[in-house]
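Below, each chain spelled out in residue letters.
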Amino acid sequence: FYGIMMTLSNDKGGRDLADSNITKRALASALKQLMEKEPFSKISVGDICEACDMNRKSFYYHFKDKYDLVNWIYYTECVAALKEKGYHTGWDLLEDLCAYFYENRSFYRKTLSIEGQNSFSEYFRDIVAAIMAADMEKIFGGDDSLGFYVDFYTDAFLCAIKRWLLDRDCMSAEKFAGLLKNCLVRTSGSILQKYSEDKN
């Protein structure tokens, strides 16, 4: 990140981008600190700005609202970072995703408990659904019920993540990812075997 920032700072556009990132990260850091003491619902944009000595105009220049800031935090810290890695299997991606959530569980316990329009839960669901859609299309092709399958697996995954993180004594990321993999692999294998037997 430091190397990229130094390269970009050689021109005005680079300076603008660097300044923009510094501002966004300051706002993100302020929100995280506030959420250590207050529930998300009680934190206002004014509180965030005051915590990092910034005005509301600067906040709204970069973000629509505090929900947009939460989504940006997830995208920059997790999605963008994972995109840079060349994963050989989906399991490796799952393990890194779970590790990220576990390391930041205090923050995401609070953001995942919020429902409704513009919430992180909604944003995260859209990301998972897009991934599931690509996988389900490979499995089911152009099946008319593709949307149902995507919704089913997306909701199941999101529910599992929430239940895991919201558990006060949640298990390690490694154990959780291992259980998910074991559940999916063994269930799929059993269903496939029964399907083959029924056809014969």
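Residues numbered from 1 in each chain as written. Predicted model: local features only at pLDDT ≥ 70, side-chain atom pairs only at ≥ 80, totals over all residues. Heavy atoms only, no water.

Engineer: Quick rundown of the side chain of Lys-66? Include the residues and the values.
Structural biologist: With respect to the helices and strands, the residue Lys-66 is situated in helix H5 (residues 66-83). A distance of 2.8 Å separates a polar side-chain atom of Lys-66 from the backbone oxygen of Phe-40. Side-chain polar atoms of Lys-66 contact the backbone oxygen of Ile-43, separated by 2.7 Å. Excluding residues within four positions of it along the chain, Lys-66 makes contact with Phe-40, Ser-41, Ile-43, Val-45, Ile-48 and Phe-59. (Helix = DSSP H or I, 4+ residues; strand = E, 2+ residues; numbered from the N terminus. Polar contact = N/O pair within 3.5 Å; in protein donor to acceptor, adjacent residues only side chain to side chain. Contact = heavy atoms within 4.5 Å.)

Engineer: Lay out the pattern of salt bridges with the relevant residues and their values.
Structural biologist: Where charged atoms from two side chains of opposite charge approach closely, those side chains can pair. Enumeration according to the criterion identifies 5 salt bridges in this entry. As a salt-bridge pair, Lys-162 and Glu-115 come within 2.4 Å of each other at their nearest N and O atoms. Remark: Glu-115 occurs in the loop between helix H7 (105-111) and helix H8 (120-140) and Lys-162 occurs in helix H9 (residues 146-166); sequence separation between them is 47 residues. In this structure, Asp-151 and Arg-125 form a salt bridge, with 3.2 Å as the shortest nitrogen-oxygen distance. One end of the pair, Asp-151, is in helix H9; the other, Arg-125, is in helix H8, with 26 residues separating them in the sequence. According to the relative accessible area criterion, Arg-125 is partly exposed, its value standing at 22%. Each of Arg-125, Asp-151 and Asp-155 takes part in salt bridges that share partners, so that together they form one network. (Salt bridge = Lys/Arg side-chain N within 4 Å of Asp/Glu carboxyl O. Buried < 20%, exposed > 50% of the residue type's maximum accessible area, 1.4 Å probe, protein only.)

Engineer: I'd like a rundown of the packing of H5 against helix H6 (residues 90-103), residues and numbers included.
Structural biologist: One can describe the packing of H5 onto H6 by two numbers: an axis separation of 10 Å at closest approach and a directional angle of 155°. In terms of orientation, H5 lies roughly antiparallel with respect to H6. The two elements H5 and H6 meet at a crossing, and its hand is right-handed. Residues Ile-73, Tyr-74, Glu-77, Cys-78 and Leu-82 of H5 touch H6, and the partners they reach there are Leu-93, Asp-96, Leu-97, Tyr-100 and Phe-101. A breakdown of the residues in the contact of H5 with H6 according to their chemical character gives 8 nonpolar, no polar and 2 charged. (Axes fitted to C-alpha atoms, helices over the stretch in contact; angles between N-to-C directions. Parallel < 35°, antiparallel > 145°, perpendicular 65-115°, else oblique. Left-handed = near helix turned anticlockwise from the far one by under 90°. Nonpolar A, V, L, I, M, F, W, Y, C, P; charged D, E, K, R; others polar.)

Engineer: Talk me through the packing of aromatic side chains; I want residue IDs and the actual numbers.
Structural biologist: For the structure shown, the criterion picks out 23 aromatic pairs. Centroid distance Tyr-74 to Tyr-123: 6.3 Å. Interplanar angle 90°. Geometry classified as edge-to-face. On the criterion of sequence distance, the pair formed by Tyr-74 in helix H5 and Tyr-123 in helix H8 is long-range, its members being 49 residues apart. Tyr-123 sits in the partly exposed class, given a relative accessible area of 23%. Centre to centre, the rings of Tyr-102 and Trp-164 are 6.3 Å apart; their planes meet at 15°, and the pair counts as stacked. Of the two residues, Tyr-102 sits in helix H6 while Trp-164 sits in helix H9, which places them 62 residues apart along the sequence. Residue class for Tyr-102 comes out partly exposed when judged on its relative accessible area of 23%. Here the guanidinium or amino end of Lys-66 rests over the ring plane of Phe-40, the centre of that ring lying 4.5 Å away. In this structure, Lys-66 is placed above the aromatic ring of Tyr-67, and the distance from its NZ or CZ to the ring centre is 6.0 Å. (Phe/Tyr/Trp six-rings, centres within 6.5 Å; stacked < 30°, edge-to-face > 60°. Lys NZ or Arg CZ within 6 Å of the ring centre and 35° of its normal.)

Engineer: Describe in detail H8, supporting the description with residues and values.
Structural biologist: The first and last C-alpha atoms of H8 sit 29 Å apart over 21 residues, in line with the 30 Å expected at 1.5 Å per residue. By the burial criterion, the buried members of H8 are Phe-120, Ser-121, Phe-124, Val-128, Ala-129, Met-132 and Met-136. Around the axis of H8, the buried residues are gathered within 145° of arc, so they sit on the same side. Opposite its buried face, H8 presents the exposed residues Ala-130 and Lys-138, each directed more than 90 degrees away. The elements touched by buried residues of H8 are H5, H6, H7 and H9. Downstream of H8 by one or two residues, Gly-141 has phi in the positive range, about 65°. (Expected span 1.5 Å × (residues − 1). Arc of directions from axis to C-beta.)

Any functional reading would require information beyond the geometric quantities listed.
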